[in-house]
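Per-entry structural report
Each chain, letter by letter, is given below.
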Amino acid sequence: MTFAVAIDGPAGAGKSSIAKAAAGKLGFLYVDTGALYRTIALYLLREQIDPRDPAAVEAALPGLEVGIEAAEEGQKMFLGEEEVTALIRTPEVSMAASQCSAIPAVRAYLLELQRELARKNNVLMDGRDIGTVVLPDAQLKIFLTAAAEERARRRVRQLEAAGQKAEFEKILSEICLRDEQDSRREIAPLKPAADSLLLDTTGETLEESVQRLVEMVEARLREQGTRL
Ligand code: DC
């Protein structure tokens, strides 16, 4: 049997960095499901398809080949043969991903791919609807969040470290807009699963949050007497 940890939470809460580091310590596979939506968004933008147009997006899905590959340095994403791991991290793709993720056909398209990863591996899977929809039977569900201002500050630091320009106010308003879009949509909105534990990382360093997450997983493994 495999063990699944579902981690949901808003944009920029540090889910990816925290979950990735914790997965490394635990020997679990880290799955960033946002990257799947981002890869679809990149494809739509390239094909000049409006990511808010359900009919046009649905019609484009059969032409899509989304590939995911686990690598030492992290998860790699592919569109057909082309690696797009770095290309999906722009603000345009973030916004288009948030928009196309509200389309039921897009979510249905990705559902089985995500479940299959969790059937075959012990996973720490992060997203918006992992505990509520994708893996409702996950052994541990975590709602990972941080105050919006802190999320914006972290994002500014990340962008600056990558040599990109970053304006705090603009980033904060983008984060608030995405929160709103992701929480208000009709299908699979961002909300804590009823049986999730809260991990609020406001004011914590990355290492502290990673340590808390690892401890939560280890405690659940002990409670369930699971040996991996
Ligand atoms: O986690 P992220 O910022 O990379 O996600 C990009 C967008 O994809 C996000 O705005 C909402 C959507 N998403 C989703 O709807 N469900 C998921 N499980 C993961 C991401």
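A short tour of the structure in this document, coming up.

Calculation notes
- Residues numbered from 1 in each chain as written.
- Predicted model: local features only at pLDDT ≥ 70, side-chain atom pairs only at ≥ 80, totals over all residues.
- Heavy atoms only, no water.
- Helix = DSSP H or I, 4+ residues; strand = E, 2+ residues; numbered from the N terminus.
- Rg over C-alpha atoms; globule rule 2.2 N^0.38 Å.
- Buried < 20%, exposed > 50% of the residue type's maximum accessible area, 1.4 Å probe, protein only.
- Contact = heavy atoms within 4.5 Å.
- Areas by Shrake-Rupley, 256 points an atom, 1.4 Å probe, with all protein chains shown as cover.
- Lys, Arg positive; Asp, Glu negative; His and termini not counted.
- Charge placed at Lys NZ, Arg CZ, Asp CG, Glu CD.
- Polar contact = N/O pair within 3.5 Å; in protein donor to acceptor, adjacent residues only side chain to side chain.
- Phe/Tyr/Trp six-rings, centres within 6.5 Å; stacked < 30°, edge-to-face > 60°.
- Axes fitted to C-alpha atoms, helices over the stretch in contact; angles between N-to-C directions.
- Parallel < 35°, antiparallel > 145°, perpendicular 65-115°, else oblique.
- Left-handed = near helix turned anticlockwise from the far one by under 90°.
- Near = heavy atom within 4 Å.
- Nonpolar A, V, L, I, M, F, W, Y, C, P; charged D, E, K, R; others polar.
- Salt bridge = Lys/Arg side-chain N within 4 Å of Asp/Glu carboxyl O.

Each helix and strand counted, the chain has 9 helices and 8 strands in total. Here the C-alpha atoms of the chain give a radius of gyration of 17 Å, agreeing with the 17 Å that 2.2 N^0.38 yields for 228 residues. Along the first, second and third principal axes, the C-alpha atoms of the chain reach 50 × 40 × 35 Å. For the chain, the residues scored as buried account for 49% of the 228 residues in total. For the chain, long-range pairs separated by at least 24 residues make up 74% of all intrachain contacts whose partners lie at least 6 apart in sequence. Looking at the chain as shown, the accessible area adds up to about 11,400 Å², and 51% of this sits on carbon and sulfur atoms. Taking the average place of the 29 positive charges on the side chains of the chain and the average place of its 37 negative ones, the gap between the two points comes to 3 Å.

On to the environment of Glu112. Looking at the secondary structure, you find Glu112 in helix 5 (residues 104-120). Distance from Glu112 to Val134, taken between C-alpha atoms, is 8.5 Å for residues 22 residues apart in sequence. Reaching out from Glu112, the side chain makes a polar contact with the side chain of Arg119 at a distance of 2.5 Å.

Let us look at the packing of aromatic side chains. Tallying each qualifying case throughout the model produces 1 aromatic pair. Each ring, one from Phe3 and one from Phe28, has its centre 6.0 Å from the other, and the planes form 70°; the classification is edge-to-face. Taken together, the positions of Phe3 in the segment before strand 1 (4-8) and Phe28 in the loop between helix 1 (15-26) and strand 2 (29-32) put the pair 25 residues apart, joining distant regions of the chain. Each of the two residues, Phe3 as well as Phe28, counts as buried.

Moving on: the packing of helix 4 (residues 91-100) against helix 8 (residues 168-184). Following both chains from N to C, one finds helix 4 and helix 8 inclined at 20°, their axes separated by 9 Å at the closest point. The orientation of helix 4 with respect to helix 8, classified from their angle, is roughly parallel. For the pair helix 4 and helix 8, the sense of crossing is left-handed. Across the interface between the two elements, Pro91, Ser94, Met95, Ser98 and Gln99 from helix 4 touch Glu174, Leu177, Arg178, Gln181 and Asp182 from helix 8.

What follows deals with the site of the ligand. Around the ligand sit 15 residues, and of these Arg38, Arg107, Arg128, Arg178 and Arg185 come closest. Asp129 is positioned such that a nitrogen or oxygen atom in its side chain is 3.0 Å from a nitrogen atom of the ligand. Alone, the ligand offers 440 Å² of accessible surface; in the complex the protein occludes 96% of this. When residues of the shell around the ligand are traced back to their parent elements, those giving at least two are helix 2 (34-46), helix 4 and helix 8. Per-element tally for the shell around the ligand: the top contributor is helix 2, with 3 residues. Partitioning the shell around the ligand into residue classes produces 3 nonpolar, 5 polar and 7 charged.

Moving on, we get to the pattern of salt bridges. Under the counting rule described, the total for this entry stands at 17 salt bridges. One salt bridge connects Arg119 with Glu116, and the closest N-O pair in it is separated by 3.9 Å. Of the two residues, Arg119 and Glu116 both sit in helix 5, 3 residues apart, roughly one turn of that helix. Given the relative accessible area of 33%, Glu116 is considered partly exposed.

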